[in-house]
Amino acid sequence: MRDTSLLQLALGVTPPWQVARADFDAEAHRLDIHIDFTPGSRFSCPGCGAAACPVHDTDAMTWRHLNFFQHQAYLHARVPRVRCDARGVRKTTVPWARPGSGFTLLFEALVMTLVSSMPVAAAARLVGEHDTRLWRVIPHYVDEARARMDASAVTRVAIDETAARRGHDYITLFADIDNARVLFATGGKDAATVAAFATDLTAHGGDPDAIDEVCIDMSPAFIKGVADSLPEAEVTLTNSTPSKSSTRRSTRCAAPGKKARPC
Ligand SMILES: [Zn+2]
C-alpha cells in the first residue's frame, strides 16, 4: 500500500507521528501498519512533563488494533525513550495506547463494550484473542470506573452470592436496584461481606444509614450482616431457587428489630 494518508487520517495519527508504511497480507488476513516519528523529534518526559527532551533510544512495540474489515490489524512503532535532565532516561507514551498494553485504546474500548454484555471467554473468541490477554485489560478500566463511582444516591440494594467456580468458592455481589449497576463484589458469603460493602459504599460517597431497602435470599448470614451494617434497611427476602419460569417469589419481611412490610 503506497498511499498512507488515508490510514493516517483514519487512525488519527498526528505529527511527529506518521504512518510510514502498511503491509497487507490477504492470505494471513492481516494488516500491519508501521508508524514512525520524524527524525530529530523531541518528546516530553513522562515522569516530570519537561518538554522537548531528546530521544535516547527506541523500543520496538506492536499493538493489536481494531480489525480492518475481516482482517486483523496491528500497529508497529519504535517508542522513544527520552533523556530528561531531571529524571534520566524515560520511556514515552504513545497517543494510541496505554503504557504496557499490547492493544490500542480503540481495541480496548471494543473489548470493554463486549465484556459488559457477555462472558470474557466469549468476547475473546469473538476478537480472536486468548481470554487471559483480555483479563489483563479489564481490571484497569473497572478500577478506573469504580474510582469515579458516585454512590451518594443509593438507597435500594440487592445482594446475592454466586459460585466463582465449581465447588464452594463464593463471591457476593451488591447491586444498585434503581440504576441496575453492580456496586461492589467481594469474596465469601457471610455477614462480613455486608460490612465490607458498607465500608466501600462510604468510600464512594454513600451512606449505609441511607439504605432503606435490601433484597436478599434467606441466608441467615446476610440477614445478620444487613442488621449489623445497614441498620435502617427493610429486608425483602427472595427465594434463592428460581422457579421454572425463572421468576422468583419474594416475601417482604423485616430485619431483626424491624417491622415487616406486606408483599
Ligand atoms: Zn523528566
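Residues numbered from 1 in each chain as written. Predicted model: local features only at pLDDT ≥ 70, side-chain atom pairs only at ≥ 80, totals over all residues.

1. Side note on the nonpolar core
Step number 1: Membership of the largest hydrophobic core comes to 22 residues, with the highest contact counts inside it found for Ile 159, Val 214, Ile 216, Val 226, Leu 230 and Val 235.
Step number 2: Of all the secondary-structure elements, those providing two or more residues to this core are strand S6 (156-165), strand S8 (181-187), helix H6 (191-203), strand S9 (213-217), helix H7 (220-229) and strand S10 (234-238).
Step number 3: A total of 4 residues in this core trace back to one element, the largest contributor, which is H6.
Step number 4: Listed in part, the 21 residues of the second largest apolar core include Leu 31, Ala 73, Phe 103 and Val 111. (Core = buried A, V, L, I, M, F, W, Y, C linked by C-beta atoms within 7 Å. Buried ≥ 20, exposed ≤ 12 C-beta atoms within 10 Å, placed from the backbone. Helix = DSSP H or I, 4+ residues; strand = E, 2+ residues; numbered from the N terminus.)

2. Observations concerning the pairing of S10
On any regular strand, side chains alternate: one points to one face of the sheet, the next to the other face.
Step number 1: The alternating pattern of S10 places Val 235 and Leu 237 on a buried face, while none of Glu 234, Thr 236 and Thr 238, on the opposite face, is buried.
Step number 2: Across 5 bridges, the pairing between S9 and S10 is parallel. Paired with Cys 215 across the strands is Thr 236, a residue of S10.
Step number 3: The β-α-β motif built from S9, the intervening H7 and the parallel element S10 has right-handed crossover chirality. (Pairing = 2+ DSSP bridges. Right-handed = clockwise from strand over helix to strand, strands pointing away.)

3. A short note on H7
Step number 1: Listed as buried for H7 are Phe 222, Ile 223, Gly 225, Val 226 and Ser 229. What you see down the axis of H7 is that its buried residues fit within an arc of 165°, all on one side. (Arc of directions from axis to C-beta.)

4. Structural notes on the packing of helix H2 (residues 105-115) against helix H3 (residues 120-127)
Step number 1: Across the interface, H2 lies against H3 with an axial gap of 9 Å and an inter-helix angle of 135°. It follows that H2 is oblique to H3 by the angle criterion. Considering only the axes of H2 and H3, their crossing is right-handed. Along its contact with H2, which presents Val 111, Leu 114 and Val 115, the element H3 presents Val 120, Ala 123, Leu 126 and Val 127.
Step number 2: A per-class count over the contact of H2 with H3 returns 7 nonpolar, no polar and no charged. (Axes fitted to C-alpha atoms, helices over the stretch in contact; angles between N-to-C directions. Parallel < 35°, antiparallel > 145°, perpendicular 65-115°, else oblique. Left-handed = near helix turned anticlockwise from the far one by under 90°. Contact = placed C-beta atoms within 7 Å. Nonpolar A, V, L, I, M, F, W, Y, C, P; charged D, E, K, R; others polar.)

5. A short note on unusual backbone geometry
Step number 1: In this model, Pro 15 is joined to Pro 16 through a cis peptide bond whose omega is 10°.
Step number 2: Tracing the backbone through its elements, the reader meets Pro 16 in the loop between helix H1 (5-11) and strand S1 (17-25).
Step number 3: Despite not being glycine, Phe 69 shows a phi value in the positive range, around 50°.
Step number 4: Relative to the helices and strands, Phe 69 is located in the loop between strand S3 (55-68) and strand S4 (71-84).

6. What about the pairing of S9?
Step number 1: In the sheet, S6 pairs with S9 via 3 bridges, with the strands oriented parallel. Within S9, the residue paired with Ala 158 across the bridge is Cys 215.

7. Side note on the confidence of the model for the protein chain
Step number 1: With 90% of its residues at a pLDDT of at least 70, the protein chain reaches an overall mean of 90.
Step number 2: Ignoring residues within four places in sequence, the model shows residues 241-257, a span with pLDDT below 50, making 30 contacts including any to other chains.
Step number 3: Below a pLDDT of 50 lies the segment residues 259-263, which in the model reaches 10 contacts outside its immediate sequence neighbourhood of four places, other chains included. (pLDDT = per-residue confidence, 0-100.)

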